[in-house]
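# Chains, contacts and geometry: an overview
For reference, the chains in residue letters:
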Amino acid sequence: MGAAGIKPVALLLSGENMTLNDRVIYQIYPKSFLDTTGSGIGDLKGVTQKLPYLADLGIDMVWLNPFYPSPQRDNGYDISNYKAIDPMFGNFEDFAEMVAEGRKYGIEFMLDMVLNHVSIEHEWFQKALAGDKYYQDFFILRDDPTNWNSKFGGSAWAPFGNTGRYYLHLYDISQADLNWRNENVRHEMFEVVNFWRLKGISGFRFDVINVIGKDEVLHDNSLSEGKFEYTDKPIVHDYLQMLNKATFGHDPHAVTVGEMSSTTIENSILYTRPDRHELSMVFNFHHLKVDYKDGDKWTKMPFDFTQLRDLFHEWGEQMSENGGWNALFWNNHDQPRALNRFIDVENFRVKGAKMLAASIHLSRGTPYVYMGEEIGMVDPDYTNVNNYLDLETLNAYHSLLKKGVTEKEAFEILKAKSRDNARTPMQWDNGKNSGFTTGSPWLAVGNHPEINVAQDKNGEIYNFYKKLIALRKSEKLISDGTYKAAMKDSDSIYAFIREFGNQKLLVLNNFRNRPISFDLPDEFFASEIWINNYDDYKKNTLQPYQSVAFLKNKF
Ligand SMILES: O=P(O)(O)OC[C@H]1O[C@H](O[C@H]2O[C@H](CO)[C@@H](O)[C@H](O)[C@H]2O)[C@H](O)[C@@H](O)[C@@H]1O
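Residues numbered from 1 in each chain as written. Predicted model: local features only at pLDDT ≥ 70, side-chain atom pairs only at ≥ 80, totals over all residues. Heavy atoms only, no water.

Core analysis: the biggest nonpolar cluster contains 150 residues, and Y26 and W196 have the highest contact counts within it. When residues of this core are assigned to domains, at least three map to each of domain 1 (3–116 + 183–380 + 449–471) and domain 2 (479–553). In contact with W196, not counting residues within four places along its chain, are F67, Y68, Y82, K83, A84, I85, F92, F95, L111, M113, I201 and F204. (Core = buried A, V, L, I, M, F, W, Y, C linked by side-chain atoms within 4.5 Å. Buried < 20%, exposed > 50% of the residue type's maximum accessible area, 1.4 Å probe, protein only. Domains from an automatic or database assignment. Contact = heavy atoms within 4.5 Å.)

Glancing now at the pairing of strand β2 (residues 61–64). Side-chain direction in a regular strand flips from residue to residue, so the side chains alternate between the two faces of the sheet. Neither face of β2 is open: one carries M61 and W63, the other V62 and L64, and all of them are buried. Note: strand β1 (residues 25–28) against β2, 4 bridges, orientation parallel. Residue pairing across strands places Y26 opposite V62, the latter belonging to β2. (Helix = DSSP H or I, 4+ residues; strand = E, 2+ residues; numbered from the N terminus. Pairing = 2+ DSSP bridges.)

To continue, consider the packing of aromatic side chains. Counted according to the given criterion, the structure contains 45 aromatic pairs. When the centroid spacing of 5.5 Å and the interplanar angle of 40° are considered together, the rings of W63 and F283 count as tilted. One end of the pair, W63, is in strand β2; the other, F283, is in strand β11 (residues 281–283), and 220 residues separate them in sequence. Using a relative accessible area of 1% as the deciding quantity, one classes W63 as buried. Clustering of aromatic rings is evident, with ring pairs tying together F303, F305, F312, W330, F342, Y483, Y494, F496 and F511. Over the ring of W428 we find K50; its NZ or CZ atom is 4.1 Å from the centre of that ring. Just above the ring of Y534 sits the side chain of K351; from NZ or CZ to the centre is 4.8 Å. (Phe/Tyr/Trp six-rings, centres within 6.5 Å; stacked < 30°, edge-to-face > 60°. Lys NZ or Arg CZ within 6 Å of the ring centre and 35° of its normal.)

The next thing to look at is the site of the ligand. Near the ligand there are 20 residues, and of these D74, H117, D207, S261 and D334 occur at the shortest range. Between the ligand and the protein, one listed contact pairs an oxygen atom with a side-chain N or O atom of D74 at 2.5 Å. Between the ligand and D334, the relevant distance is 2.5 Å, taken from an oxygen atom to a side-chain nitrogen or oxygen of the residue. Burial of the ligand by the protein chains amounts to 93% of its free accessible area of 550 Å². Counted by class, the shell around the ligand contains 5 nonpolar, 6 polar and 9 charged residues. (Near = heavy atom within 4 Å. Polar contact = N/O pair within 3.5 Å; in protein donor to acceptor, adjacent residues only side chain to side chain. Areas by Shrake-Rupley, 256 points an atom, 1.4 Å probe, with all protein chains shown as cover. Nonpolar A, V, L, I, M, F, W, Y, C, P; charged D, E, K, R; others polar.)

Turning our eyes to something else, we now look at the sheet that holds strand β15 (residues 493–500). An order of β14-β15-β16-β20-β18 is seen for the 5 strands of this open sheet, with the pairing classed as antiparallel. Each edge of the open sheet is held by one strand with a lone partner, namely β14 (482–486) and β18 (528–532). Strand after strand, the sheet turns through a mean of 25° between neighbouring axes, direction not considered. In the packing of helix α12 (residues 345–361) onto the sheet, contacts are made with β15, β16 (503–510) and β20 (547–553), and the angle to β16 comes to roughly 145°. (Axes fitted to C-alpha atoms, helices over the stretch in contact; angles between N-to-C directions.)

What follows is about the domain arrangement of the chain. Here the chain is described as being made up of domain 1 (3–116 + 183–380 + 449–471) and domain 2 (479–553). When each unit is reduced to the centre of its C-alpha atoms, the spacing between domain 1 and domain 2 is 28 Å. On the side of domain 2, 34 residues touch domain 1, which itself brings 33 residues to the contact. When the two sides are added together, the surface that domain 1 and domain 2 hide from each other amounts to roughly 2,700 Å², 65% of it contributed by carbon and sulfur. If you look at where domain 1 meets domain 2, you find 2 salt bridges. Taking the shortest distance from any N to any O, the salt bridge between E317 and K484 comes out at 3.8 Å. Of all the secondary-structure elements, those providing two or more residues to the side of domain 1 that touches domain 2 are α10 (305–321), α12 and α17 (460–474). Here the side of domain 1 that touches domain 2 takes 9 residues from α10, the largest share from any one element. Here the residues of the side of domain 1 that touches domain 2 are counted per class, giving 16 nonpolar, 7 polar and 10 charged. (Buried area = accessible area lost by both parts, 1.4 Å probe. Salt bridge = Lys/Arg side-chain N within 4 Å of Asp/Glu carboxyl O.)

What follows is about α17. Helix length check: α17 (15 residues) gives 21 Å between terminal C-alpha atoms against 21 Å at 1.5 Å per residue, within 8%. Along α17, the residues classified as buried are I461, Y462, F464, Y465, L468, I469, L471 and R472. (Expected span 1.5 Å × (residues − 1).)

Turning our eyes to something else, we now look at helix α8 (residues 234–246). The terminal C-alpha atoms of α8 lie 19 Å apart, and with 13 residues this matches the ideal 18 Å at 1.5 Å per residue to within 8%. Inspection of α8 places V236, H237, Y239, L240, L243, N244 and A246 among the buried residues, and these make up the whole buried set. If you follow the buried residues of α8, they end up packed against α6 (183–197), β9 (203–206) and α9 (265–272).

What follows is about the packing of helix α13 (residues 391–402) against helix α14 (residues 407–417). Two elements in contact, α13 and α14, have axes separated by 9 Å at closest approach and are oriented at 150°. The angle between α13 and α14 falls in the class roughly antiparallel. When you trace α13 past α14, the crossing you get is right-handed. Two secondary-structure elements touch here, α13 through T393, Y397, L400 and L401 and α14 through E407, A410, F411, I413 and L414. Its residues placed into classes, the contact of α13 with α14 shows 7 nonpolar, 1 polar and 1 charged. (Parallel < 35°, antiparallel > 145°, perpendicular 65-115°, else oblique. Left-handed = near helix turned anticlockwise from the far one by under 90°.)

To continue, consider the sheet that holds strand β5 (residues 141–142). Pairing is antiparallel across the open sheet formed by 3 strands, whose spatial order is β5-β7-β6. The sheet is open, and its two edges are formed by β5 and β6 (157–159), each paired on a single side. Of the pairings in the sheet, the one linking β6 to strand β7 (residues 166–168) comprises 3 bridges and is antiparallel in character. By the bridge assignment for β7, A158 is matched with Y167.

Here 5 bridges tie β14 to β15, and the two strands are oriented antiparallel to one another. Bridge pairing links K484 to I497 in β15. Between β14 and β15, which pair antiparallel and follow one another directly, the connecting turn spans 6 residues, one of which, M487, has a positive phi of 40°.

Put simply, α6 and α8 touch, their axes get as near as 10 Å, and they point 45° apart. The angle between the axes of α6 and α8 places the two elements in the oblique class. Handedness of the crossing formed by α6 with α8: right-handed. Contacts from R186, F190, V193 and N194 in α6 reach Y239, M242, L243 and A246 in α8. Residue classes in the contact of α6 with α8 are distributed as 6 nonpolar, 1 polar and 1 charged.

A few words on the side chain of S32. Residue position: S32 is located in the loop between β1 and α1 (44–49). Those residues in contact with S32 that lie beyond four places of it in its chain are G42, M371, R423, T424, P425, M426, F436 and W442.

Below is the structure:
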């Protein structure tokens, strides 16, 4: 029995032979993946049904966004019961079937743990509101609110009933932050993780986990934003070590990832260095803010290539040199589709999708594939603001109008930036509702009948992903090689070198919609082309969005 009094489940798991570095993780937004009941909402049975598809792609772990009971104000990130399944997604029988079937295909699951906050409908908050002192200490209540802003707009503080006090909500008003200083809260959180471990789960994604550490005395932030007062506080490392020890640290095959809001490289190294016993890897978002004008998401701006290149180089090298481990990703449920942001998608969707894939799948870290990415899904072609349902999007729309932005301009910004861009139903075929549901989808489909799995499964993008995923399993150079920046001054090509044993790989990715010429570094003169997303290679030139990897055996 482990320290937390539970049986270790690691020996039962299918991923025993995998190392962390071999893995490729597929993210499923369950609400939008496949609806098997006609309710218009995706479900766990839908995930089970598509396991053969994921196995064919080469996936060995699936991250599922929250499927627990929730008022759904923030699509499940407002949890009202951590240890249950919302009936709209299925039940424990469906869950057990999904996990068991997954094992047959060598696929494990990673669950989303939202441990920074709970829904105000959670019984802890309700008891606290009713005056229960024990539960009041589960939350961050203050007489005098600080000047911190909620990430979804407005103040981060709301009146706590009619007590004259305020509760902290870094996200929506319906998501009350938990008080991790209270050891009873920590104990409850550890219990949640162990509850799911005992159900055969060894993968965990921890939502905005680097903001759980709040001081006893809270201070205003001088930049009129509370970010630095609660992000990456040193105590977060202590909490993660406690979490690790009380839960997944008992499982040598556990895979954990922390979603790190506005984090630093220094902290990310500490969060992921194996000897620190915190997490396996981290998501950071700096590379997905290179199209924010003056740091403001709700603006429209072409992406800044040099900023992107420098961020990748800096994170890649420093994590490699210091034993840290990155999650590698272009897409997730909070981001508009990368194809619309980084590629001239009208003219080069297919080549661009393959180049983006190569740029992370050949890099150092664990790649994540967000559902639909493998067939080149793009943002929906919505024509009406009423198509958008996400609360962050709607808050932003109203605040843009308040600032004097016209409805037309505000709509254009939503089209480029809304989180709903990623949340549209998976496009399985070109039939009604893209084959996602026989009912009425909870969020309108993307209206791109030409892009779907039935058509693209044997197509260029899918097969390129399949090839890249297989390479990570067969080549130590890809899974375990070091990372070094290359061609640091190029204003069009993102280049890096991987090295392992006597092998070296130079990966070049052209981020422009035009040919770019370059000088091949001398040491790669006598090398072979290992990966190419085009059929040909014209010496010292990369075609629009071409990706080429040159392999050199040193001896
Ligand atoms: O943009 P950052 O400050 O670096 O933060 C990263 C993401 O954090 C938030 O995402 C997660 O938490 C939310 C509340 O639980 C939830 O709504 C979201 O779906 C989670 O992934 C933030 O909402 C994202 O926009 C940021 O990208």
